[in-house]
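Read off the chains here:
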Amino acid sequence: MSKIRITKQFNFETGHALYGYDGKCKNVHGHSYKLSVTVIGTPITDSSNVKFGMVIDFSDLKKIVREEIVDIFDHATVFNQNTPHIELAKELQSRDHHVILVDYQPTSENMVIDFAAKIKSRLPQNIALHSLRLQETETSFAEWFQSDN
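Residues numbered from 1 in each chain as written. Predicted model: local features only at pLDDT ≥ 70, side-chain atom pairs only at ≥ 80, totals over all residues. Heavy atoms only, no water.

- The protein chain carries the name 6-carboxy-5,6,7,8-tetrahydropterin synthase in an unreviewed UniProt entry, which gives Flavobacterium qiangtangense as its organism.
- Turning to the protein chain, the UniProt record has this under Sequence similarities (unreviewed entry): "Belongs to the PTPS family. QueD subfamily." (UniProt positions renumbered as here; feature names shortened; annotations may be inferred.)

Right, here's the structure in full:
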């Protein structure tokens, strides 16, 4: 049976700051992220299965990505927990802002690595994560491919 790739796209708004960076992104700012999640598998061949002909139900993939990424990162501000931004993060949290502290510099590159690990841990055994594309602006994105890892 042929292997088929399917892709689901997601949108979310997230703020971040890159501590120690030598450009504008050292300041707290936000992006309208677009995340494309591509999985690979073989379509279900059991005609008695309600998911007959599907690699994975798009709604099942949507549930995983929403729970692991979108619902957590949407309208949050992400800071590296190991930088002086921790003081700003605590101040924002004390004012009831949604802050995420991560153990990496919150670049698109590092975020896509984090997202890949989270999504892979939730996929059914017969489905593999093929790739992720995290678009930060209209002209800038980071990609993760299983074949590269």
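Focus on the nonpolar core
Point 1. In terms of nonpolar packing, the biggest core is built from 32 residues, with Leu 35, Val 37 and Leu 132 touching the most fellow members.
Point 2. Of the residues forming this core, the biggest block, six residues, is contributed by helix H1 (residues 58-73).
Point 3. Those residues within four positions of Leu 35 in sequence are excluded, and the remaining contacts are Lys 8, Gln 9, Phe 10, Phe 12, Val 65, Ile 69, Phe 115, Leu 132, Arg 133 and Leu 134.
Point 4. One finds Phe 79, Ala 89, Leu 92 and Val 99 within the second-largest nonpolar core, a separate group that totals five residues. (Core = buried A, V, L, I, M, F, W, Y, C linked by side-chain atoms within 4.5 Å. Buried < 20%, exposed > 50% of the residue type's maximum accessible area, 1.4 Å probe, protein only. Helix = DSSP H or I, 4+ residues; strand = E, 2+ residues; numbered from the N terminus. Contact = heavy atoms within 4.5 Å.)

Examining the pairing of strand S3 (residues 76-80)
Point 1. Where burial is concerned, most of S3 is hidden: five out of the five residues are buried.
Point 2. Side chains of S3 alternate between two faces, with Ala 76, Val 78 and Asn 80 and Thr 77 and Phe 79 buried alike.
Point 3. Looking at chain direction, S3 and strand S4 (residues 99-102) are connected through four bridges and run parallel. What sits directly across from Asn 80, in S4, is Val 102.
Point 4. With respect to chirality, the unit in which S3 leads through helix H2 (residues 85-94) into the neighbouring parallel S4 is right-handed. (Pairing = 2+ DSSP bridges. Right-handed = clockwise from strand over helix to strand, strands pointing away.)

Concerning the pattern of salt bridges
Point 1. Following the criterion strictly, the structure yields nine salt bridges and no others.
Point 2. Among the salt bridges present, the one from Arg 95 reaches Glu 91, with a minimum N-O distance of 2.4 Å.
Point 3. Here Arg 95 falls in the exposed class, since its relative accessible area comes to 58%.
Point 4. Ionic contacts of the salt-bridge type, sharing partners, join the residues Lys 63, Glu 67, Glu 68 and Arg 122 into one network. (Salt bridge = Lys/Arg side-chain N within 4 Å of Asp/Glu carboxyl O.)

Description of the pairing of strand S5 (residues 128-137)
Point 1. Here S5 lies mainly inside the structure; seven of its 10 residues are buried.
Point 2. By the bridge criterion, seven bridges tie strand S2 (residues 29-41) to S5 in an arrangement that is antiparallel. Within S5, the residue paired with Ile 40 across the bridge is Ala 128.
Point 3. In the sheet, S5 pairs with strand S6 (residues 140-145) via six bridges, with the strands oriented antiparallel. Its bridge partner being in S6, Ser 131 is matched across the sheet by Phe 145.
Point 4. In this structure, the hairpin formed by S5 and S6 is closed by a connection of two residues.

Notes on the side chain of Thr 38
Point 1. Following the sequence through the fold, Thr 38 ends up in strand S2.
Point 2. According to the relative accessible area criterion, Thr 38 is buried, its value standing at 10%.
Point 3. Engagement of the side chain of Thr 38 in a polar contact is seen with the side chain of Thr 7, the distance being 2.6 Å.
Point 4. Among residues more than four places away in sequence, those in contact with Thr 38 are Arg 5, Ile 6, Thr 7, Ala 128, Leu 129, His 130 and Ser 131. (Polar contact = N/O pair within 3.5 Å; in protein donor to acceptor, adjacent residues only side chain to side chain.)

Focus on the layout of surface pockets
Summary: where empty space remains is shown by rolling a probe the size of a single water molecule over the atoms.
Point 1. Of the pockets and cavities examined, the largest pocket occupies roughly 160 Å³.
Point 2. Lining the largest pocket, in full, are His 16, Leu 18, Tyr 21, Cys 25, Thr 107, Ser 108, Glu 109, Glu 136, Ser 140, Phe 141 and Ala 142.
Point 3. Every element with two or more residues in the lining of the largest pocket is listed here: helix H3 (108-120) and S6.
Point 4. Residue contributions to the lining of the largest pocket peak at three residues, all from S6.
Point 5. Looking at the lining of the largest pocket residue by residue, the classes come out as five nonpolar, four polar and two charged. (1 Å grid on protein atoms, 1.4 Å probe; cavity = no way out; pocket = protein on both sides within 12 Å on 5 of 7 lines; lining within 4 Å. Points joined across faces, edges and corners; volume = space filled by probe spheres on them. Nonpolar A, V, L, I, M, F, W, Y, C, P; charged D, E, K, R; others polar.)

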